[in-house]
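# Examining the three-dimensional arrangement
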Amino acid sequence: MRCLRRSWCSFSTAPGSLPRCVLAAIASAVSSSKSLRQTGEVHARILVFGLHHLPFFSGKLIVSYAKLGNPHLSRLVFKQVSPTTNIFLWNSVIRAFTNNGYFSDAVDTYSQMHNLGLVPDRFTLPSLINACAGSIDLETGKKLHERAIALGFEFDIYVANSLIDMYAKCGSLNDAHQLFVKIPQRDIVSWNAVISGYASNKRWDEALLLYYEFRLSWLEPDLFTVGSVLLACGGAGDLLEGQLTHGIAHKIGIERNVSVGNALLSMYAKCNSLDDVCRVFYGMPQGDIVTWNTMISTCIQFELFREAIEHFRRMILRFKPDLLTVTTVLHACGHLEDLEQGKCVHEYLVRNGYELDATLSNVLITMYGRCGCLKACQEVFDQRMEPDLVAWNALTNACIQCGYYREGMHNFKRMKSIGREPDSVTFVTLLQVCSNFVDLFLAKSVHSDIIKAGFENYLLISNLIIDTYAKCGSVQDAMTMFEIAKVKDVMSWNAMISGSIQCGSCNLGLTIFRKMNTRGVLADKVTMLGILPAFSFLGSKRHGKEVHGFIFKVGLDGNVPVNNAMIDMYSKCGDMKYSFQVFASIKEKDVVTWTTMIYAYGMHGFGKKAVETFTKMEETGAEPDSVAFIAAIYACSHAGLVDEGLRLFSRMQKYYQIEPKMEHYACVVDLLSRSGKQEEAEKWISSMPLEPDASVWGALLSSCRNTGETKIAERVSAKILDSSDSYDAGYLVLVSNMYASNRNWNEVSKIRRRMRARGWKKIPGYSWLEIKNRVYVFGNGDRRGEQSEELYCLLERLGKMMAKDGYIADERFVLHDVEEDEKVDMLCGHSERLAIAFAILNTTPGTPLLIMKNLRVCGDCHTVTKYISKIFQRELTVASVASQLKQERTALNEIIYKIFDYGISV
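Residues numbered from 1 in each chain as written. Predicted model: local features only at pLDDT ≥ 70, side-chain atom pairs only at ≥ 80, totals over all residues. Heavy atoms only, no water.

### Notes on the pattern of salt bridges
Rules: The salt bridge definition used is simple: a Lys or Arg side-chain nitrogen within 4 Å of an Asp or Glu carboxyl oxygen. Where helices and strands are cited, they refer to DSSP runs of H or I of at least four residues and of E of at least two residues respectively, numbered from the N terminus.
With the rule as written, the count across this model stands at 20 salt bridges. For Glu-546, the salt bridge goes to Arg-542, with nearest N and O atoms at 3.7 Å. Remark: Arg-542 and Glu-546 occur in helix α33 (residues 541-553); sequence separation between them is four residues, near one turn of the helix. Note that Glu-832 and Lys-853 form a salt bridge whose closest N and O atoms lie 2.8 Å from each other. Here Lys-853 lies in strand β3 (residues 849-853) and Glu-832 lies in helix α48 (residues 831-842), a separation of 21 residues in the sequence.

Here you go:
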């Protein structure tokens, strides 16, 4: 440029006096200019020499300004020579606008050209058509197509390719394909345009079919072909075709291209092939911000949140992340509940001058909420000048996630007070508050607000209202909402079914399930997961089998969560054979599958099989979680495998780095105390790093009661009464029973007075069984049921028969201060014995029996069950469902004091 300045200073300003070499130098200077300043200097000289009227130099300036991103200066150059009939200049300025995204200016320029009566050539139309594609202006694009036909340019390869691309981008794939078929000679751009069009419009299969057709031609794919095909492979989930395309990219030498590498990363991620994603990423010689974004997003997709954060740390050493990167990483911090990492990312944003706009602020609030830091949520929220509704919703949701439900409701009231009207997201959040609070009054209040806001008929909202009422224990309100809902989908039915069963209204849940099938609503996996616990609760294996057949019928037999639920259902119905068959049929077992089977073995006393199953799980590469260890130690506890249970506890800490929770410590205490090692269990509790709660002391107290260990039992009882968990009626009943076993009636009276003062009642014991599609229910000492006289006569005869075999009644399990002869009668009237006697009278000899009970089976009834099984040569199972009930106070409302019939049509 400096040499050019020295050379042209010695010449006159007349255009004709300039030597050809100077003109060439000026033209070269315009073309090679790297900045607006340089182009401006050359432009000034062109004006001085009077060259601006020459189309050649004007065109050069128009193109140069356009390349530097300033088409408005291109327009000024064009105006200096206007009006002009030179089509080249018109084409240049139209192209300048199109290439810089000023599509409407390009079309307006063409209109001016048309008004002057100028006829476009084959170079004018492609730029105009591209402008229509950029602005998604199909109507103008079609007019230009008509113009191309009139001028005879329809099959010109440049015009035709632009038209195909325009139609595809405007979503008119039929027009694009029709024109593509008509082109007599197609080049690589033609194929790329049509393949890309189908792929971009998510017509993956047609895009791949066109690619197969393209492969039959003599043309070789290029970067754009491969990119479009990989997009289609990812969308279709066609990993094999994606790998073949990868091979072609390698063969033609474009594999290491950044855009191809990014397309490969995206394709493999969409095909869920993490190994291939990593192989491509680490094999790329260099990447760009898209590369890193794709890799970070893939880590999130596979729940590799730590790896996502680590990639972010590496990325910021080379690139400045964009908003997509930052929001993705903040989501990763939220999922990990890693407050420290989240704060580091926040500080990076502030330090590097990122504007905390609405989107970023809302993501930060969400992240801090998941990390449990409500203070930081509030600080980010307060920085907003005028928080929008999304921000209010994010803050309210953060309050809920942090457990501050009242603060969440307070935010809702504040939002309304400043005139912010809640939306559907707000009400979804508030209904979660009601569910977590189990507050029926609050739920009805929110329901009222929903009606006022006009959201009651929103399907999602109505389904959540049903679910919330059920979780608050009001099946009646849930059913009312279900019946008045104008629109129902499968989730509506699912919410009502699962809600009814969770509240103990199994008969209602089964009735709704039957209606759902008769009305043609196709059940899904959520339906099955909702209905199967009903059969576990009722011990109804026959109907469980019917639903198992229905699961095959609707094609859900391959669904892992459904199979897991069936394993659980069969095991709780006492049939380990079917439980194992379902387990063995699952091809890809997850950790829940293994855990469910381990728990099933433990529940039935097969401790060694449970441990073997746990070992097999480890051998398959499935990593056990904290729940799996609870199931395994529980199994060891019920089988007396003390050393094995302690080994598992140690392995959990040392090998898997899982921090023990209160449940794990309670399992170990149960393990030791069941094996008669109460003193060791007490020492274990004393050495716990956590403050033991009543569940831990309760495990020890139960065993003390069974073994008659009085001194430890009294110390443990005092611990329970002094703990905050003494506000749980179940633990007070446990202590009361212990004192009753030791004949300490004064203490029993104190505890019962304490319970009455709080309005608590001991839950009565009930047992039930199913015979011939009917469930029969029995309460302690019940004499109102069918064949009651025959039942007591049979139990009296059995008592005499058992006495001959050495049975002595264990009067410690009589929890009332009565005479000695009455104690035996009270034991005889326990609900499980009445149910067993009824089953023996009403079933054929040899029929296996399953009796369900809402409370734990007492030690004496456990002994009696063994004697009866031996006498009658029956497989006899008495199962407690106490651990299955979410709300013991309402779980038996439906079946107490009545006998009901039910049937299932599947």
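Now, onward.
### Some thoughts on helix α26 (residues 424-437)
Put simply, the test is: Take the residue count of a helix, subtract one, and multiply by 1.5 Å to get its expected span. A contact between two residues is defined here by any heavy atoms of the two lying within 4.5 Å.
Between the first and last C-alpha of α26 there are 20 Å, a value that for 14 residues agrees with the 20 Å anticipated at 1.5 Å per step. Contacts from the buried residues of α26 go to α24 (389-401), α25 (405-417), α27 (440-453) and α28 (459-471). Val-438 occupies a position one or two residues after α26 and carries a positive phi of about 50 degrees.

### Focus: the layout of surface pockets
Quick reminder of the rule: The distinction between a cavity and a pocket rests on a 1 Å grid over the protein atoms alone: a 1.4 Å probe fits inside a cavity but cannot get out, while a pocket stays open yet meets protein on both sides within 12 Å along at least five of seven lines, and a residue with an atom within 4 Å of a point counts as lining. Grid points are joined across faces, edges and corners, and a volume is the space filled by probe spheres set on the points. Throughout, the ten residues Ala, Val, Leu, Ile, Met, Phe, Trp, Tyr, Cys and Pro are labelled nonpolar, Asp, Glu, Lys and Arg are labelled charged, and all others, Gly among them, are labelled polar.
Estimated volume of the second largest pocket: approximately 540 Å³. Secondary structure elements with two or more residues in the lining of the second largest pocket: α33, β1 (766-771), α48 and β3. Classifying every residue of the lining of the second largest pocket gives eight nonpolar, eight polar and six charged.

### Thoughts on the packing of helix α6 (residues 87-99) against helix α7 (residues 103-115)
To keep things clear, this is the line we draw: Lines are fitted to the C-alpha atoms to define the axes, a helix being fitted only along its stretch in contact, and any angle between axes, read from their N-to-C directions, falls within 0 to 180 degrees. For this classification, under 35 degrees means roughly parallel, over 145 means roughly antiparallel, 65 to 115 means roughly perpendicular, and everything else is oblique. Rotating anticlockwise by less than a right angle from the far helix to the near helix defines a left-handed crossing, while the corresponding clockwise rotation defines a right-handed one.
Close contact between α6 and α7 brings their axes to 7 Å; oriented N to C, the two are set at 160 degrees. Here α7 runs roughly antiparallel to α6, going by the angle between their axes. With respect to the hand of their crossing, α6 and α7 are arranged in left-handed fashion. Touching Ile-87, Trp-90, Val-93, Ile-94, Phe-97 and Thr-98 of α6 are Phe-103, Asp-105, Ala-106, Thr-109, Tyr-110, Gln-112 and Met-113, all from α7. Broken down by class, the residue content of the contact of α6 with α7 amounts to nine nonpolar, three polar and one charged.

### Considering the confidence of the model for the protein
This is how it is decided: For every residue, the pLDDT score states the predictor's confidence, bounded by 0 at the bottom and 100 at the top.
Averaged over the protein, the pLDDT score is 84; the fraction of residues at 70 or greater is 89%. Averaged pLDDT values for the elements of the protein fall to 32 in strand β5 (residues 900-901) and rise to 95 in helix α37 (residues 607-619). Segment residues 816-820: pLDDT under 50, and eight contacts once partners within four positions in sequence are set aside and those in other chains are kept. Across residues 883-906, confidence stays below pLDDT 50; counting only partners more than four residues off in sequence or on other chains, it has 70 contacts.

### Quick word on unusual backbone geometry
Its identity as a non-glycine residue notwithstanding, Ile-136 has a phi of 50 degrees, on the positive side. For Ile-136, the position within the fold is in the loop between α8 (124-134) and α9 (138-151). Of note, the phi angle at Lys-202 is positive, near 60 degrees, even though the residue is not glycine. With respect to the secondary-structure elements, Lys-202 resides in the loop between α12 (188-200) and α13 (204-215).

### Focus: the nonpolar core
What counts, and what does not: By convention a nonpolar core is built from buried Ala, Val, Leu, Ile, Met, Phe, Trp, Tyr and Cys residues, the set being connected through side-chain atoms within 4.5 Å. Here the term buried applies to any residue with accessible area under 20% of the maximum for its type, exposed to any over 50%, and partly exposed to those in between, with areas from a 1.4 Å probe on protein chains only.
Core analysis: the largest hydrophobic core is formed by 239 residues, its most contacted members being Val-446, Met-528, Ile-531 and Leu-532. Other than its neighbours up to four places away in sequence, Ile-531 contacts Ile-497, Ile-501, Gly-509, Leu-510, Phe-513 and Val-547. Membership of the second largest hydrophobic core comes to 25 residues, among which are Tyr-792, Leu-834, Phe-838 and Ile-840.

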